[in-house]
Amino acid sequence: QQPVQSPQAVILREGEDAVINCSSSKALYSVHWYRQKHGEAPVFLMILLKGGEQKGHEKISASFNEKKQQSSLYLTASQLSYSGTYFCGTEASGGYQKVTFGTGTKLQVIP
Amino acid sequence: NAGVTQTPKFRVLKTGQSMTLLCAQDMNHEYMYWYRQDPGMGLRLIHYSVGEGTTAKGEVPDGYNVSRLKKQNFLLGLESAAPSQTSVYFCASSSLRGAGELFFGEGSRLTVL
């Protein structure tokens, strides 16, 4: 069962912030975040393991609430290069490394 | 290193024809996956493998078969192609359970007429 992402699409002006949410109905072992540009393969952003940790690099960070089976991706001071479709991927506890993805959030950053 | 390589990158088939997509990785990864991507549907898992000689069904396995005879290769087969299988197919590999980044191939665009 695919995780649910929200919003489905968002338009930002350069410098604005955005939050993308991902939720699952199953207990999770890990959450992955990827960004895909049109016509290209998804590119890894980060992985969060159960335990409520938060990760980030530069202006992109994420949190993982294990109890709620939810993760959020935070993009601050957005840049034009942040445009693309963001996918969360989840592995359920006991899921044998089966990573299933949400339907994606299309992010467009405009000048 | 080449990473994850998919062949072919483009293919047009007629309904009922068969074909095989090849995924090869040179990173000695245990885990390999086949996903299909359709507009508005995200990436959906077709089949995956947790090691040489193993395969398992994902979310949308019907109409596909897979084999992992060698650790570095993961083959996806369509025995009798249908227009509903028109899609972009991505292969991915990973080294660590749960904590492993997925490395994706460039994708294979398949059109079934």
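See the structure above.
What you see is a predicted model; the values in this text were computed from it and never measured.

Rules and cut-offs
Residues numbered from 1 in each chain as written. Chains lettered and ligands numbered in written order. Predicted model: local features only at pLDDT ≥ 70, side-chain atom pairs only at ≥ 80, totals over all residues. Heavy atoms only, no water. Core = buried A, V, L, I, M, F, W, Y, C linked by side-chain atoms within 4.5 Å. Buried < 20%, exposed > 50% of the residue type's maximum accessible area, 1.4 Å probe, protein only. Helix = DSSP H or I, 4+ residues; strand = E, 2+ residues; numbered from the N terminus. Contact = heavy atoms within 4.5 Å. Polar contact = N/O pair within 3.5 Å; in protein donor to acceptor, adjacent residues only side chain to side chain. Salt bridge = Lys/Arg side-chain N within 4 Å of Asp/Glu carboxyl O. Pairing = 2+ DSSP bridges.

S.K.: I would appreciate a short explanation of the nonpolar core in the present structure.
M.R.: One recurring pattern in soluble globular proteins is that nonpolar side chains are buried together. Residues Trp33(A), Met46(A), Leu73(A), Leu75(A), Tyr82(A), Tyr86(A) and Leu107(A) are the most contacted members of the largest nonpolar core, which totals 21 residues. Of all the secondary structure elements, the ones that give two or more residues to this core are strand S2 (9-13), strand S3 (18-23), strand S4 (28-36), strand S5 (43-49), strand S7 (60-65), strand S8 (70-75), strand S9 (84-92) and strand S11 (105-110) of chain A. The contacts of Tyr82(A), once residues within four sequence positions are left out, are Arg35(A), Lys37(A), Lys59(A), Ile60(A), Leu75(A), Thr76(A), Ala77(A), Leu107(A) and Val109(A). Counting residues in each nonpolar core, the second largest holds 18 residues, with Val4(B), Leu21(B), Leu76(B) and Leu110(B) among its members.

S.K.: Is there a simple way to explain the side chain of Ser93(B) in this structure?
M.R.: Residue and element names in this part refer to chain B. Positionally, Ser 93 belongs in strand S9 (residues 87-94). Polar side-chain contacts of Ser 93 include one of 2.8 Å to the side chain of His 29. Ignoring sequence-local partners within four residues, the contact set of Ser 93 consists of Val 4, Gln 25, Met 27, His 29, Tyr 31, Met 32, Tyr 33, Glu 101, Leu 102 and Phe 103.

S.K.: Even after reading the chapter, I still don't get the pattern of salt bridges, so can you show me in this structure?
M.R.: All names here are of chain B. Per the counting criterion, the structure on display carries four salt bridges over all chains. Glu 106 is the partner of Lys 9 in a salt bridge, and the nearest nitrogen-oxygen pair spans 4.0 Å. With Lys 9 in the loop between strand S1 (4-7) and strand S2 (10-13) and Glu 106 in the loop between strand S10 (103-104) and strand S11 (108-112), this pair connects stretches of sequence that are 97 residues apart. Asp 38 is the partner of Arg 36 in a salt bridge, and the nearest nitrogen-oxygen pair spans 2.9 Å. Both residues of the pair, Arg 36 and Asp 38, belong to the buried class.

S.K.: Looking at this structure, how should I read the pairing of S11(B)?
M.R.: Along a regular strand, successive side chains alternate from one face of the sheet to the other. Residues and elements named next belong to chain B. Burial along S11 is one-sided: the face carrying Ser 108, Leu 110 and Val 112 is buried and the face carrying Arg 109 and Thr 111 is not. Pairing of S2 with S11 involves four bridges; the strand directions are parallel. Bridged to Phe 10 within S11 is Arg 109. Strand direction decides the pairing type here: S9 and S11, joined by three bridges, are antiparallel. Paired with Val 88 across the strands is Arg 109, a residue of S11.

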